[in-house]
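Structural description and commentary
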Amino acid sequence: MQPISDGIMSPWEPGVFSLAVYSILVLAFITSQLFLAVWLGEKKWSVEKSRPYECGIIPTGSAYFRYPVPFYMVAIFFLIFDVEGAFIFAWALVYREVGWAGYLQMSFFIVLLLVGLFYIWKHGGLDWRVAYKERYPAGS
Amino acid sequence: MESSVQGKVPGRFLNLADLVVNWSRKYSLWPMFFGLSCCFVEEATAFTARYDLARFGAEVLRASPRQADLLIVSGTVFKKIAPVVLRLYEQMPEPKWVISMGSCSNSGGMYDVYSVVQGVDQIIPVDVYVPGCPPRPEAVLEGLVILQDKIVSTEKPSRKIFHMEGGTQGTDRPVLENGVTKSADPRGPGYEGLEIRGTSVSPGWPQHWGSRSDIMWTPPARRIQLSSGDQSIGAVLKERFGDRVRQEAHTSDMLTFHIEQDSLKEVLRFLKYESKPNYKRLDDLTAIDESARRERIWNKDFAGAITDAGEADAYAQMAKRPYPDFTVVYQLLSFDSASRLRIKSGLNGAYPATGSITDIWPSANWYEREVYDMFGIRFEGHPNLSRILMPQWWEGHPLRKGYPGRGTEMPPYTFADARARQPMDAREVAALDHKAPAGEREFFLNLGPHHTSTHGLLRCIAALDGEEIRELDLEIGYHHRAAEKLGERQTWHQYIPYTDRNDYLGGACNELSYVTAVETLADIRVPERAQAIRVMLAELYRLSNHLVYFGTFGQDLGAMTPNFYTFAEREMVLDIVELITGGRLHPEYLRLGGVAADLPEGWKHAVDNLVAIFPRRLREYEKLLGKNPIFVARTKGLGPMSLEQAMDWGVSGANLRACGLEWDLRKKMPYSGYDNYEFEVPTATEGDCYARYQVRVEEMRQSIRIIEQAARNMPSGRHVTDDYRYSIPNRNEMLRDIETLIHHFINVTRGMKIPRGEAYAATEGPRGEHGYYAVSDGLGYAYRMRVRGPGFANVQTLPLLATGTSIADLIAIIGSIDIILPDIDR
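Residues numbered from 1 in each chain as written. Chains lettered and ligands numbered in written order. Predicted model: local features only at pLDDT ≥ 70, side-chain atom pairs only at ≥ 80, totals over all residues.

1. Thoughts on the overall build of chain A
Broken down by element type, chain A carries four helices and zero strands. Walking chain A from its N terminus toward its C terminus, one meets helices and strands in the order α-α-α-α. Counting all 140 residues of chain A, 2% fall into the buried class. (Helix = DSSP H or I, 4+ residues; strand = E, 2+ residues; numbered from the N terminus. Buried ≥ 20, exposed ≤ 12 C-beta atoms within 10 Å, placed from the backbone.)

So this is what it looks like as structure tokens:
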């Protein structure tokens, strides 16, 4: 890559004063918005109003409990493959420089990834309802 | 001097602020997406392109009360739903406004019945009342404009905004109290002490004698010739069960047997599994309270009852104890022979019991609960015998003859009631249905009664394990409008408007079922022209219903566009309906023996226009939704129902045809001359959500074919029968001769008499088989009016289809089976 020559980018000259003014203005604006929103207007408190809304019915039980997340495996797989994808993006940048050797190496890498994906797929790792179906076989 | 300046400046400032705030509020009212019944359909129509509520700045329909400041109470406020209405109102932020839309919400309207609050202003304050039943979309616009005027001209919000003394904003009207600030009298204030007109002839208990119907003569009820298949079934039962089975000698509609209690289940089992043909579907299960039968206590011969010696003997026999206390009626249907069969069994005692047949037909579950709820008859062996339509705290059984029918006869429903009478806790409802306690991983989610995707007041209670629906329970009855009790009070003709409202998107299809039942009973002949007009109207309404289905199904799955498109053609359909009948949702146009008026000038042109453009538009829409990959992915393979299940659960209509059975009453048991039309019965085999959608789209295509044929071959002649004993005469003819004038006078005032007997008739409504079972005791109104709504059977399968799926799938399934609440709860 070419070194960045002078004049292409603006010089780094932090102006402390303007930054301070800007910050104060932002803070003042946000504070005024929040204050107006809280202060203006009429508020009436009642038991019904502070109750969670659930289609007009009084909710049953608490909303705070250990919520099962059966699709966490899918989420993790997504993360893993997403990160691996980052290597491929990097390769795209240096595609010409690394030449055929790089191409073969990347192909191998991608094939490995695909093997992994198919392995997960075959074992039902992408079907996040499997856990449910095992727990409650049909007709139970 | 100084103080007055100080007083003036904030005053001027406040006035200016009032002006600005009111102006902004006026044009940014956010109504809640909240509907109770028919009125909401018109309210929703006001948001579509033709009426375009957006012009008034109120198009932002909010699904949650937290984001809404305008509550449009559109429809009937039921005692069961009133606590929910109150809660939704209270959960809205300040300031908030209320528009009461429609007669029901204003005052109870035509529903002066036990289950309806006689005016929403008894529980929440109301700013604007919009009259109508239902009000047109334009009326909603006017209501909104009146509210905007009220905001600008009377409210002084800035003092409240700046936390100063005084000022007004939002609703400041008081909640009214019946008998104090509003009159409980249906006739208005000032009539106290005068008996309600007609009380002496109205049904109920104690009985009032001397009905003028008794001095009117009618021919006896219709008698049918049994088919050879029916005769052989009679012979087989006779041979196998002997004297335990007694065949009714003459019936008006179908083969009927009386069976003793002890062999009832045996016979039913035989009919379902062994007999040839077998009766696979439990069409209907209901009961009749026989305690007010007139010949039971008032053993007097009356005109039209006895015609030959044979019956006279039977009558003398019966006169000793002509009727049991209750009769349980089972109605079966055979798909093989396209025939029905009725089984009646007598029960004695104040709160008698009989055996449950849930082990023979699973669909009997809800039917038996309904009979228990309405009559107090217990079913032994039923897994969950609890109230189904009325709330659990309800006292009494409304369809018993001694139960008051009018809401105004009962203590008024008040604000305190709406606070105290809460819907049942989700866990309790689930516990009623399932003996096993809920697992610790599960939690309960209420979907409805107020939800944009339940298509009305349906409460789904999902026991969730994460995203998955472990178990699904339904609580219905939030829309119970006492349609059957009303049938026992209104005269035969007066009841027609009530039938419209049983399936408020089905319009004339409801009326057709009802008039066909009564015409079957009294053997009224309908002129050909009237039959063709009826067919045309029924198909127009089928089209209108399926267009709404198409739009809302798409909307349920996240596609907003189809709704706006399909409502355009729906308006075309409703314009034709309005041209012919004068009504939109509720035509009130069919009459016994014909229709109310002849076709108006210009009808053909309007119909031809629709026929010309519709097929092309439909193709366009199909591309838009049916070929959309997201739509397909979300509906294909979802919520499959097998044909066996569908038959067992009494599913009918497009939902049944989506399972692969070509079963359409228009073909199998033709009525109103449907056998003269060429059309196909579309079916699909998969039985999933996509199949249900496909069948309905294809049905629209067939409907437009029928409409085209009806319009092209419209017969000439009378539009109403000349047998004026049973119909309201033509005005022209009425003015010509005295006899017709007398008939007109009698039939309009006290109503005509229908001979003693009973008849069931069902038609293929937009969402399935819609039947009416009319029982007459020879009076000017029905003795018992049973409404068999297709939705009741269809929606009972919902837990079957949705268990094991997710909430998002549940929405798709509800959308696909096309439910409407008044026809489920009636």
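2. Quick notes on the packing of helix 24 (residues 689-712) of chain B against helix 29 (residues 807-817) of chain B
Residue and element names in this part refer to chain B. At their nearest, the axes of helix 24 and helix 29 sit 9 Å apart, and the two run at 30 degrees to each other. If you check the angle between helix 24 and helix 29, you find them roughly parallel. Judged by the twist between their axes, the crossing of helix 24 over helix 29 is left-handed. Contact residues: helix 24 offers C689, R692 and Y693, while helix 29 offers A812, I813, S816 and I817. Here the contact of helix 24 with helix 29 is composed, by residue class, of five nonpolar, one polar and one charged. (Axes fitted to C-alpha atoms, helices over the stretch in contact; angles between N-to-C directions. Parallel < 35°, antiparallel > 145°, perpendicular 65-115°, else oblique. Left-handed = near helix turned anticlockwise from the far one by under 90°. Contact = placed C-beta atoms within 7 Å. Nonpolar A, V, L, I, M, F, W, Y, C, P; charged D, E, K, R; others polar.)

3. Regarding the interface of chain B and chain A
Every contact between the two is made by 32 residues of chain B and, on the other side, 24 residues of chain A. Mapped by element, the contributors of at least two residues to the side of chain B that touches chain A are helix 3 (82-91), helix 6 (158-161), helix 13 (426-433), strand 11 (443-447) and strand 13 (468-475) of chain B.

4. Here we look at the pairing of strand 17 (residues 768-776) of chain B
Residues and elements named next belong to chain B. Most of strand 17 is tucked away, with nine of its nine residues classed as buried. Between strand 16 (residues 757-765) and strand 17, which pair antiparallel in sequence order, lie two residues. One ladder, built from five bridges, connects strand 17 with strand 18 (residues 784-788); its direction is antiparallel. Among the inter-strand pairings, V775 is bridged to a residue of strand 18, identified as R784. (Pairing = 2+ DSSP bridges.)

5. Re the nonpolar core
Residues and elements named next belong to chain B. Grouped together as the largest cluster of nonpolar side chains are 227 residues, with contacts concentrated most on L71, V77, A82, V85, A517, V518 and A774. If one sorts the elements of this core by residue count, helix 17 (residues 528-556) sits on top with 15 residues. The residues contacting V518, other than those within four sequence positions of it, are W492, L592, I754 and A774. (Core = buried A, V, L, I, M, F, W, Y, C linked by C-beta atoms within 7 Å.)

6. So, the sheet that holds strand 12 (residues 459-465) of chain B
Residue and element names in this part refer to chain B. The three strands are arranged 11-12-13 in an open sheet whose pairing can be described as antiparallel. Single-partner strands in this sheet number two, and they are strand 11 and strand 13. Along the sheet, successive strands turn relative to each other by an average axial angle of 25 degrees, direction set aside. Both strand 12 and strand 13 contribute to a ladder of seven bridges, which runs antiparallel. Residue pairing for strand 13: C460 is matched across the bridge by L474.

7. Quick notes on the domain arrangement of chain B
Residue and element names in this part refer to chain B. Taken as a whole, chain B is organised into domain 1 (18-161), domain 2 (228-389) and domain 3 (487-721 + 754-825). The centre of domain 2, based on its C-alpha atoms, is set 29 Å off from the matching centre of domain 3. Each partner contributes to the interface: domain 2 provides 23 residues, whereas domain 3 provides 29 residues. The biggest single contributor to the side of domain 2 that touches domain 3 is strand 6 (residues 281-289), with six residues. Class assignment for the residues of the side of domain 2 that touches domain 3 results in 11 nonpolar, five polar and seven charged. (Domains from an automatic or database assignment.)

8. What to know about the pairing of strand 2 (residues 97-101) of chain B
Residue and element names in this part refer to chain B. With five of five residues buried, strand 2 is to be regarded as a mostly interior element. Looking at chain direction, strand 1 (residues 70-74) and strand 2 are connected through five bridges and run parallel. Along strand 2, the bridge assignment pairs V73 with S100. A crossover connection joins strand 1 to the parallel strand 2 through helix 3; in handedness this β-α-β unit is right-handed. Both strand 2 and strand 3 (residues 128-130) contribute to a ladder of three bridges, which runs parallel. If you follow I99 over to strand 3, its bridge partner there is V128. (Right-handed = clockwise from strand over helix to strand, strands pointing away.)

9. Section: helix 17 of chain B
Residue and element names in this part refer to chain B. With 29 residues, helix 17 should reach 42 Å at 1.5 Å per residue; the first-to-last C-alpha distance of 41 Å fits that figure. The buried fraction of helix 17 amounts to 25 of the 29 residues, a majority that puts the element mostly inside the structure. Looking one or two places after helix 17, you find G558, whose phi comes out positive at around 100 degrees. (Expected span 1.5 Å × (residues − 1).)

10. Brief notes about the confidence of the model for chain B
Low-pLDDT portions of the prediction should not be read for the details of their coordinates. Residue and element names in this part refer to chain B. The predicted model of chain B averages 86 in pLDDT, with 93% of residues at 70 or higher. Below a pLDDT of 50 lies the segment residues 1-5, which in the model reaches zero contacts outside its immediate sequence neighbourhood of four places, other chains included. With pLDDT under 50 throughout, residues 299-311 is counted as low confidence; its partners more than four residues away or in other chains account for 18 contacts. (pLDDT = per-residue confidence, 0-100.)

11. Focus: the environment of D648 of chain B
All names here are of chain B. Within the fold, D648 resides in helix 21 (residues 643-648). Along the primary structure D648 and I360 are separated by 288 residues, whereas in three dimensions their C-alpha atoms are 8.9 Å apart. With residues near it in sequence (within four places) discarded, D648 still touches W361, P362 and S363.

12. Some words on helix 8 (residues 264-274) of chain B
Residue and element names in this part refer to chain B. Those residues of helix 8 that sit buried are L264, V267, L268 and L271. In an axial view of helix 8, the angular spread of the buried residues amounts to 100 degrees, which keeps them on one side of the axis. In helix 8, the exposed positions angled more than 90 degrees off the buried face are occupied by Y273 and E274. Where helix 8 is buried, its residues contact helix 7 (228-241), strand 4 (245-247), strand 5 (255-259), strand 7 (326-334), strand 8 (339-347) and strand 9 (353-355). (Arc of directions from axis to C-beta.)

13. Brief notes about the sheet that holds strand 3 of chain B
Residues and elements named next belong to chain B. With respect to topology, three strands assemble into an open sheet ordered 1-2-3, the strand pairing being parallel. Lying at the two open borders of the sheet, with one neighbouring strand each, are strand 1 and strand 3. The mean inter-strand angle of the sheet, taken between neighbouring strand axes irrespective of direction, is 20 degrees.

14. Points about unusual backbone geometry
All names here are of chain B. Residue P95 follows E94 across a cis peptide bond; omega there is -15 degrees. Tracing the sequence through the fold places P95 in the loop between helix 3 and strand 2. At D52, a position not held by glycine, the phi torsion is positive, near 50 degrees. The topology assignment puts D52 in the loop between helix 2 (38-45) and strand 1. The phi dihedral of E588 falls on the positive side, at around 50 degrees, and the residue is not glycine. With respect to the helices and strands, E588 occurs in the loop between helix 18 (561-581) and strand 14 (590-591). By the C-beta count within 10 Å, which is 19 here, E588 ends up partly exposed.

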